[in-house]
Amino acid sequence: MNQSSFASFFSLALRYFCPPKKLIKIFNTTKNIDKRISYRANILLGQITGDDRLENRDSLSNARGLHFKSNIYELSGNLEFNFLPYELGNPRYKWTPYLFSGLSMFYFNPQAENANGEWVDLQPLSTEGQGTTSFPDRKKYRLAQFAIPFGGGLKISLNKVSRTHLPGIFFQDEIELNTNNIFLMGLRYDYNSLHGNIITPRLNYKLSSNDKSTSLRLSFGSGYRVVQVFTEDHAALTGARDVIFLEDLNPERSWNFNINFFKKFYLKQGVLLDLDFSVFNTQFSNKIIPDYDTDPNKIIYNNLNGSSTNQGASINLNLLTQNGIRLNLGATFINSYILENNVKTIPYLTERIRGVWRIEKNWITSNIKLDISGNTTGPLRLPTLGPLDPRLN
């Protein structure tokens, strides 16, 4: 069974005798189980308002001046059924009618403004007589409730088939000065039918000790990448933002330099310890970086008019004992920044530190293995979703 996922974008409307004031879909993702069944998860943040004075229906409503507002937070999951086979990018299965249903949980809290300009919760005031002597059987409404969404629609895939011709040739030569000194040189040429001629060289050098327990590697080279936004950047697209391209995107280019040191230690009682340490630096041009800040309802893509740097260091320790215990510890320190118009910024979704650990115990005679692993990621700079985003508080 093939399983795929995609992000969908569509507009919604909330209506309670008046248009919605604000609506933000924080998260929306759809995963295809097969060509006929898929499921969808949503996180929705919205606000509805009502005000007699703005409706202009009649003089009585204007004089009465009743009004309210309420934020709505909703978490829902739906199952979709396609009447016809449907698959993104497959010209044979481009459209289908479908039905969906699921379960939703939402929270709301109606408020009104008093004479002092303060917004007061309405539910405790029993504004509709709930729990009063006039209506003792009426219970107060719950602020958190469940709902069963259902509906149907028509899916149509509008993507056109894209063909890119990419013939290329690669040359590589390894020069062994002696058993401990090795040079590796390479050159790759590609012709991209959309972007023309692309040349990417590389150079590597390795110095090893006589017993091969210690090595030093130096590498330098260039690379390029044609970005496929809707397949590679899917994590940023599982929301309700409109995706905007300001120009035809050119391939990203990069120059990278790396130093790696490896040392194997043979300790007492058959304990083996590996130390792996690296320092790296990569310079990007034509970097494609999503812009979340210009408009909270859009993701804007274009080539960076400047440079992007990703540099840092990593260290890994591997310990192996004769009684079947293996321990792995690793940490990576990253310094990433963007330089555009002499302004230096930190990119979104880039951590400064990342760590991994693993403990493994292997009982060979009983064919049992215990494996415990974990990882940690440092703070990330995240885009906000407008004035209703709770992370602004």
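Every chain is numbered on its own, with residues counted from 1 as its sequence reads. Side-chain atom pairs in this predicted model are given and counted only at pLDDT of 80 or more, local residue features only at pLDDT of at least 70, and totals for whole chains, interfaces and linings cover all residues. Think of the side-chain values as coming from all heavy atoms in the structure, minus any hydrogens and water.

1. Brief notes about the overall build of the protein
Right, so step 1: From N to C terminus, the protein includes four helices and 22 strands.
Right, so step 2: Under the scheme applied here, a residue whose accessible area is under 20% of the maximum for its type counts as buried, over 50% as exposed, and between as partly exposed, the area being computed with a 1.4 Å probe on protein chains only. Buried residues in the protein amount to 31% of all 393 residues.
Right, so step 3: Residues are treated as being in contact if the distance between any of their heavy atoms lies within 4.5 Å. For the protein, restricting intrachain contacts to residue pairs at least 6 apart in sequence, the fraction spanning at least 24 positions comes to 57%.
Right, so step 4: In this description, accessible areas are obtained by the Shrake-Rupley approach with a 1.4 Å probe, and a residue is regarded as covered only by the protein chains that are shown. Here the protein displays about 25,600 Å² of accessible surface, and carbon together with sulfur accounts for 57% of that area. Runs of H or I in DSSP of at least four residues are treated as helices and runs of E of at least two as strands, each being numbered from the N terminus.

2. Here's the deal with the nonpolar core
Right, so step 1: Among buried residues, the Ala, Val, Leu, Ile, Met, Phe, Trp, Tyr and Cys ones that are joined through side-chain atoms within 4.5 Å form a nonpolar core. By size, the foremost hydrophobic cluster in this structure holds eight residues: Val227, Val229, Leu249, Ile288, Tyr292, Ile299, Tyr301 and Tyr348.
Right, so step 2: Among all residues touching Tyr348, those that are not within four sequence positions of it are Tyr292, Asp293, Arg381, Leu382 and Pro383.
Right, so step 3: Within the second largest apolar cluster, six residues are counted, among which are Ile48, Phe68, Phe108 and Leu122.

3. Let's talk about the pattern of salt bridges
Right, so step 1: Criterion for a salt bridge: a side-chain nitrogen of Lys or Arg within 4 Å of a carboxyl oxygen of Asp or Glu. As enumerated under the stated definition, the model contains 11 salt bridges in all.
Right, so step 2: For Asp371, the salt bridge goes to Arg358, with nearest N and O atoms at 2.6 Å. One end of the pair, Asp371, is in strand E22 (residues 368-377); the other, Arg358, is in strand E21 (residues 353-363), and 13 residues separate them in sequence.
Right, so step 3: Accessibility expressed as a relative area gives 36% for Asp371, which makes it partly exposed.
Right, so step 4: Between Glu360 and Lys369 there is a salt bridge, and its shortest N-O distance comes to 3.9 Å.

4. So, the packing of aromatic side chains
The description of two aromatic rings rests on the distance between their centres and on the angle between their planes.
Right, so step 1: Between the rings of Phe, Tyr and Trp (Trp by its six-membered ring), a pair exists once the centres lie within 6.5 Å; its type follows the angle of the planes, with under 30 degrees stacked, over 60 edge-to-face, and the other angles tilted. Within this structure, the stated rule accounts for nine aromatic pairs.
Right, so step 2: Ring centres of Phe183 and Tyr205 lie 4.9 Å apart, and the angle between their planes is 40 degrees; on these two criteria the pair is classed as tilted. Residue Phe183 is located in strand E11 (residues 181-192), and its partner Tyr205 is located in strand E12 (residues 196-208); the two are separated by 22 residues in the primary sequence.
Right, so step 3: Among the aromatic side chains, those forming a connected cluster through ring pairs are Phe106, Phe108 and Tyr141.
Right, so step 4: The lysine or arginine in question, Lys287, covers the ring of Phe284, its NZ or CZ lying 4.1 Å from the ring centre. Working rule: Lys NZ or Arg CZ, within 6 Å of ring centre, within 35 degrees of ring normal, means a charge sits over the ring.

5. So, the confidence of the model for the protein
Right, so step 1: pLDDT gives the predictor's per-residue confidence on a scale running from 0 to 100. Looking at the protein as a whole, its pLDDT mean stands at 83, while 85% of the residues score no less than 70.
Right, so step 2: pLDDT under 50 marks residues 1-20. Its contacts with residues more than four places away, or in other chains, come to 48 contacts.

6. Remarks on the environment of Leu184
Right, so step 1: On the secondary structure map, Leu184 appears in strand E11.
Right, so step 2: For the pair Leu184 and Glu174, spaced 10 residues apart in sequence, the C-alpha separation works out to 4.4 Å.
Right, so step 3: In this structure, Leu184 is in contact with Gln172, Asp173, Glu174, Arg202, Leu203 and Asn204, ignoring residues within four places of it in sequence.

7. Digging into the pairing of E21
Right, so step 1: The pairing of strand E19 (residues 325-340) with E21 spans nine bridges and is antiparallel. What sits directly across from Leu329, in E21, is Trp357.
Right, so step 2: Sheet analysis places E21 next to E22, joined by 10 bridges and oriented antiparallel. Paired with Arg354 across the strands is Thr377, a residue of E22.
Right, so step 3: Linking E21 to E22, which pair antiparallel, is a turn of four residues; within it Asn367 sits at a positive phi near 55 degrees. Think of it this way: DSSP has to see at least two bridges between two strands before they count as a pair.

8. Here's the deal with the environment of Glu232
Right, so step 1: By the secondary structure assignment, Glu232 is in helix H3 (residues 229-232).
Right, so step 2: We classify Glu232 as partly exposed; its relative accessible area is 39%.
Right, so step 3: Sequence-distant contacts of Glu232, that is, excluding residues within four places in its chain, are made with Arg225, Val226 and Val227.

9. Things to note about the pairing of strand E5 (residues 95-108)
Right, so step 1: For strand E4 (residues 67-82) and E5, the ladder comprises 11 bridges, and the chain directions are antiparallel. Residue Asn82 lies in a different strand from E5, and its bridge partner there is Tyr98.
Right, so step 2: Note: E5 against strand E9 (residues 150-156), seven bridges, orientation antiparallel. Within the sheet, the bridge partner assigned to Pro97 lies in E9 and is Leu154.
Right, so step 3: Of the strand pairs in this sheet, E5 and strand E8 (residues 144-147) are connected by four bridges, and their pairing is antiparallel. Among the inter-strand pairings, Met105 is bridged to a residue of E8, identified as Phe146.

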